[in-house]
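# Commentary on secondary and tertiary structure
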Amino acid sequence: MRTRTRISRRLAALAAVAALGTGLLAGCAADGKDPGGGSSAQGGGGGAKTTLTVGVFGAFGLKEAGLYDAYMKLHPDIEIKQTSIERNENYYPQLLTHLGSGSGLADIQAVEVSNIAEVTATQSGKLEDLSKVSGVNKDDFLPWKWAEATTKDSKTVGLGTDIGPTGICYRKDLFAKAGLPTDREAVGKLWAGDWNKYLAVGRQYKAKAPAGAAFVDSASGVLNSITGSSATRYYDADGKVVYKSNPAVKQAWDTATAFAADGLTAKLQQFQPTWDQGFANASFATVSCPAWMLGYIQDKAGAAGKDQWDVAAAPKPSNWGGSFLTVPSASQHKAEAAKLAAWLTAPAQQAVLFEKRGSFPSAKAAYGLPAVAGAKHAYFGNAPIGQIFAQAAEGTPVQFLGPKDQIIQQNLTDIGMLQVEQKGKSPQQGWDAAVKAIDNALDQ
Amino acid sequence: MASDTTAAVPSPSPGQEGTAPARARGEERRSRRYRRDVRWSPYAFITPFFVFFAAFGLFPLLYTGWASLHQVELTSPNDMTWVGLRNFSRLLSDDFFWNALRNTFTIGVLSTVPQLLIALGIAHLLNYRLRASMFFRVAVLTPYATSVAAATLVFVLLFGRDYGMVNWALGLVGFDHVDWQNGGWSSQLAVSTIVVWRWTGYNALIYLAAMQAVPADLYESAALDGASRWQQFVHVTIPSLRPTILFTAVVSTIGATQLFGEPLLFNGAAGATGGSDHQFQTLGLYLYEQGWVNLHLGRASAIAWAMFLILLLIGAVNWLVSHKLRKGMTS
């Protein structure tokens, strides 16, 4: 008995080790297969196909909008495969390690706008220059979008896909109850040109607001859109960190903390479940909404919010979000990949992506196309979103992004602003806490 | 065998004289091979583990140690600048590190202590003769089989400030809403709850296994002496379980030191900060933040090694305690 159990225990241990081992091996194999490999075999057509891989994060939309299928129809010798990692904060470090080792890369890699400055500054040697690829036309793109992925020596490492021109989404029913106009033109005029007017409208709203419905979702959202509307933000033109001394940031901080101090916010943290519940329960009247957020609002506010939500122009043109496509030099099919990237970001395809997925084009040449110019959003009271967001996109200043833009931004909102808004700290205390965290993060 | 030896021994014919030693030699060779087999093949069987351990355990450990002595950024991992012990020395004056260490400790205590006590109680109950005992035994293990991510996301909803069920229940009995995510103690308590929920059943089963090894006569004689169920639990069960309790305490402590998934997801969209005031940022989260958000691999490596040293310290304390215990039991 005793020996038998011992033997079986040994066997079990051995089996466990073997299982672990094969698991690891399988992991390696799957990892190594991805990048350039796999030609032919899959294609029923017989001819050798080139397989291009596209690495993206989240539901990027290229595949869902049918763009890959369209390209494969145009180019029967090309097969496109996509690998997706749900969250950018997992995707991006992996992309960096793969670029560092020169392996495990897809032929096309997407990069989020908050990372593009760092990629452009530190990885340009490992990425292809896409500016001279046939089909790429610099003048098609918004100048600030083009500048974001271009190095000082004029190498363009990323082609812009979508952007996030920002409007203010608001609830008509709550506005009406507070005695404010509900027409989107009139609402836009209430605060046109000045973020402090937005604050003033908030105070006006609060005076007569229905109980349980704050003016804005979060002070961080306000901070985001204000800083997104100024030319210099956290870095100056020479690439120096200036957020501590930049008056634009100071002003944005003061305005946003005023929202918190006056009790105009619902004290929510964006993209948390509680924020979603806030949409569902109509617990705030306005939110700074980039074009890509409309679908999100529709999802979370649900059928009950239909015809209640509308979208007006923001006080100042601002941008939040957007992405780029890059081609790593380690790709085995650089030329084909660059061609695909150029095609995917051409105005016509960006218009399709907008029509199918609501990602707003970064190619201003697309704004005249009927799919964009005539776009209306049924859920938002048939708002002419094509025109509203195109105006915001073209008015957005060329902003100097720095490598650590995202970290500065995130600490300002998730540390500093949250402490003021949710923990009742003073604006100065919140600012100091954010600065301390940023200093710690930036110091190597 | 018998016939063979009788045939061979009485008449050693000259012709066979050379073969006998040869056969002996052959036998000797065979037995030597056998002995060699017995002696060395176990090593061959266990090499896969050590090969994998060296590749995926030891090498990363040593490389992390090497990296912790350098300034390295994830944007160019091959660019290493030697900085000696600077990454470690700066940890000593790093408020965020000490804050994370303190949080790890308090969350560890808040989760480990109730977890083991509840597990002990559950195991005691399961040890009774029960109808459908198998069902209950499997049922206590289900939280352990749930993924951290799924469980945590549900708990985030339960602990929601405005529409969470916990606050709703507290409201029913007349308490104010608690801001679970932003409070200091409250957020740590919430995170600990997730840990307790997930691991209690697992520990209960370990205790149950140990309880079933306690000889039944001990209970019988205790019962004869007039000991109640509770007295039996305190004077028979607990002392017999002492080594097991120590084992689970050590394992849970190690788990608590490495706590990562629950606090990370408890703050979903905000990432690794562990709340706006870093109020529930554990060492694991701080390591992740330094390495994968701020991209400072050298500093992250130093934190990893600091955690390793802390675990060694815990191991040493455990050794001392169990040593004392064993002495106490024999004397």
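Here the residue numbers are simple positions, counted from 1 along each chain's written sequence. Naming scheme: in the order in which they are written, chains are lettered from A and ligands are numbered from 1. Per-residue local features of the predicted model are confined to residues with pLDDT of at least 70, and side-chain atom pairs are confined, for both listing and counting, to 80 or more; whole-chain, interface and lining totals are unaffected and use all residues. Computation of side-chain values covers all heavy atoms of the structure but excludes hydrogens and water.

## Topic: the overall build of chain B
The condition that has to hold: Think of it this way: any DSSP run of H or I at least four residues long counts as a helix, any run of E at least two long counts as a strand, and we number them from the N terminus. We take the radius of gyration over the C-alpha atoms and set the globule estimate at 2.2 Å times the residue count to the 0.38 power. We call a residue buried when its accessible area falls under 20% of the maximum for its residue type, exposed when it is over 50%, and partly exposed in between, using a 1.4 Å probe and counting protein chains only. Whether two residues touch is decided by their heavy atoms; if any such pair falls within 4.5 Å, the residues are in contact. Here the Shrake-Rupley method, with its probe set to 1.4 Å, supplies the accessible areas, and only the displayed protein chains count as covering residues. All tallies of charge rest on Lys and Arg as positive and Asp and Glu as negative; His and the ends of each chain are not included. All charge positions are set by atom: Lys at NZ, Arg at CZ, Asp at CG, Glu at CD.
Counting secondary structure elements, chain B contains 14 helices and two strands. A compact globule built from 331 residues should have a C-alpha radius of gyration of about 20 Å, whereas chain B, at 30 Å, is more than 25% larger. Expressed as lengths along the three principal axes of its C-alpha atoms, the size of chain B is roughly 105 × 70 × 40 Å. Counting all 331 residues of chain B, 39% fall into the buried class. Taking all contacts inside chain B whose residues are at least 6 apart in sequence as the whole, residues at least 24 apart take part in 66%. Working note: accessible area of chain B is about 19100 Å², and carbon and sulfur atoms make up 69% of it. Averaging the coordinates of the 23 positive side-chain charges in chain B and doing the same for the 18 negative ones gives two points 11 Å apart.

## A short note on the state of the cysteines
All names here are of chain A. The test is simple: What counts as a disulfide here is a pair of cysteine sulfur atoms lying within 2.5 Å.
Enumeration over the complete set of coordinates arrives at one disulfide over all chains. Disulfide pairing places C169 opposite C289 at an S-S distance of 2.0 Å. Taking the sign of the S-S torsion, 90° for the link of C169 and C289, the bridge is right-handed. Residue C169 is located in strand β4 (residues 158-171), and its partner C289 is located in strand β6 (residues 284-290); the two are separated by 120 residues in the primary sequence. Across the pair, exposure class does not vary: C169 and C289 are buried alike.

## A short note on the confidence of the model for chain A
All names here are of chain A. Worth spelling out the cut-off: Per-residue confidence from the predictor is reported as pLDDT, a score between 0 and 100.
Per-residue confidence for chain A gives a mean pLDDT of 89, with 89% of residues at or over 70. When pLDDT is averaged over each element of chain A, strand β5 (residues 214-216) comes out on top at 97 and helix α1 (residues 2-33) at the bottom at 46. The low-confidence segment residues 1-7 (pLDDT under 50) makes zero contacts with residues lying over four places distant or belonging to another chain. Taken together, the stretch residues 20-45 has pLDDT below 50 and engages in 23 contacts with residues farther than four places along the chain or on a different chain.

## Observations concerning the side chain of T161 of chain A
Here T161 of chain A lies in strand β4. Judged by its relative accessible area of 3%, T161 of chain A is buried.

## Section: helix α14 (residues 347-357) of chain A
Residue and element names in this part refer to chain A. Buried within α14 are the following residues: P347, Q349, Q350, A351, L353 and F354. Lining the buried residues of α14 we find α2 (67-74), β4, α13 (334-344), β9 (360-361), α15 (370-373) and α16 (385-395). Within two residues after α14, G358 carries a phi angle of roughly 80°, on the positive side.

## A look at a nonpolar patch on the surface
To be explicit about the condition: Patches were defined on residues exceeding 30% relative accessible area and lacking a salt bridge, with like-charge contacts within 9 Å and nonpolar side-chain contacts (Val, Leu, Ile, Met, Phe, Trp, Tyr) within 5 Å. A pairing counts as a salt bridge when a side-chain nitrogen of Lys or Arg comes within 4 Å of a carboxyl oxygen of Asp or Glu.
A contiguous nonpolar surface patch, about 960 Å² in accessible area, is contributed by W40, Y43, F45, I46, F49, F50, F53, L58 and L62 of chain B. Counting through the fold element by element, L58 of chain B comes out in helix α2 (residues 19-67).

## Here we look at the packing of α2 of chain A against α13 of chain A
Between two packed helices, what matters for the description is the angle formed by their axes and the separation of those axes. Residue and element names in this part refer to chain A. Going by this rule: Interaxial angle, 0 to 180 degrees, is taken between N-to-C directions of lines fitted to C-alpha atoms, where a helix line uses only the stretch in contact. Throughout this description, any angle smaller than 35 degrees is read as roughly parallel, any larger than 145 degrees as roughly antiparallel, any in the 65 to 115 degree range as roughly perpendicular, and the remainder as oblique. Throughout, a crossing is termed right-handed when the near helix is turned clockwise from the far one, and left-handed when it is turned anticlockwise from it by less than a right angle.
Orientation of α2 relative to α13, taken along the N-to-C sense of each, is 125°, at an axis distance of 11 Å. Viewed along their axes, α2 and α13 adopt a mutual orientation that is oblique. The hand of the α2/α13 crossing is right-handed. Judged by residue contacts, L67, Y68, A70, Y71 and L74 of α2 engage E336, K339, L340, W343 and L344 from α13.

## Here we look at empty space enclosed by the protein
To be explicit about the condition: Put plainly, a pocket is an open set of points on a 1 Å grid over the protein atoms alone with protein on both sides within 12 Å along at least five of seven lines, a cavity is a set where a 1.4 Å probe fits but cannot get out, and a lining residue has an atom within 4 Å of a point. Grid points are joined across faces, edges and corners, and a volume is the space filled by probe spheres set on the points. As a working rule, the residues Ala, Val, Leu, Ile, Met, Phe, Trp, Tyr, Cys and Pro are called nonpolar, Asp, Glu, Lys and Arg charged, and the rest polar, with Gly in that last group.
Going through the model one piece at a time under the given rule, you end up with six cavities of 30 Å³ or more. As a volume, the largest cavity reaches approximately 170 Å³. Lining the largest cavity are 17 residues, with T274 of chain A together with R161, D179, Q181 and N182 of chain B sitting closest to its centre. The residue inventory of the lining of the largest cavity, partitioned by class, reads six nonpolar, seven polar and four charged.

## Quick word on the pattern of salt bridges
All names here are of chain A. For the structure shown, the criterion picks out 19 salt bridges over all chains. Between R203 and D262 there is a salt bridge, with its nearest N and O atoms 2.5 Å apart. Here R203, found in helix α8 (residues 195-208), pairs with D262, found in the loop between α10 (247-261) and α11 (273-280); they are 59 residues apart in sequence, far enough to count as distant. Exposure remark for R203: the relative accessible area of 43% places this residue in the partly exposed category. In this structure D262 comes out as partly exposed when scored by relative accessible area, which is 28%. The residue R233 makes a salt bridge to D405 at a minimum N-O spacing of 2.4 Å. Taken as a pair, R233 in the loop between α9 (219-227) and α10 and D405 in helix α17 (residues 405-423) lie far apart in primary sequence, 172 residues in all. D405 shares its class with R233; the two are buried. Within this structure, K172, R184 and D310 form a network of salt bridges that share partners.

## Comments concerning the interface of chain B and chain A
Size of an interface: often given as the accessible area lost when the parts come together. Basically, it comes down to this: Simply put, the buried area is the total loss of 1.4 Å probe accessible area from both parts when two parts are fitted together. Pairs of N or O atoms within 3.5 Å make up the polar contacts considered here, provided that, within protein, one atom can donate a hydrogen while the other can accept it, and that residues adjacent in sequence are counted only when both atoms are side-chain atoms.
At the junction of the two partners, chain B supplies 42 residues and chain A supplies 45 residues. Interface area, chain B with chain A, both sides summed: about 3600 Å², of which 52% is carbon and sulfur. At the junction of chain B with chain A, the criterion picks out four salt bridges. Here D443 of chain A makes a salt bridge to R90 of chain B, at a shortest N to O gap of 2.5 Å. Across the chain B-chain A interface, the total number found is 17 residue pairs in polar contact (both at pLDDT 80 or more). Breaking the side of chain B that touches chain A down by element, the ones donating at least two residues are α2, β1 (70-73), β2 (76-82), α4 (95-126), α6 (148-158) and α13 (283-293) of chain B. Considering every element that reaches the side of chain B that touches chain A, the biggest residue donor is α13 of chain B, with five residues.

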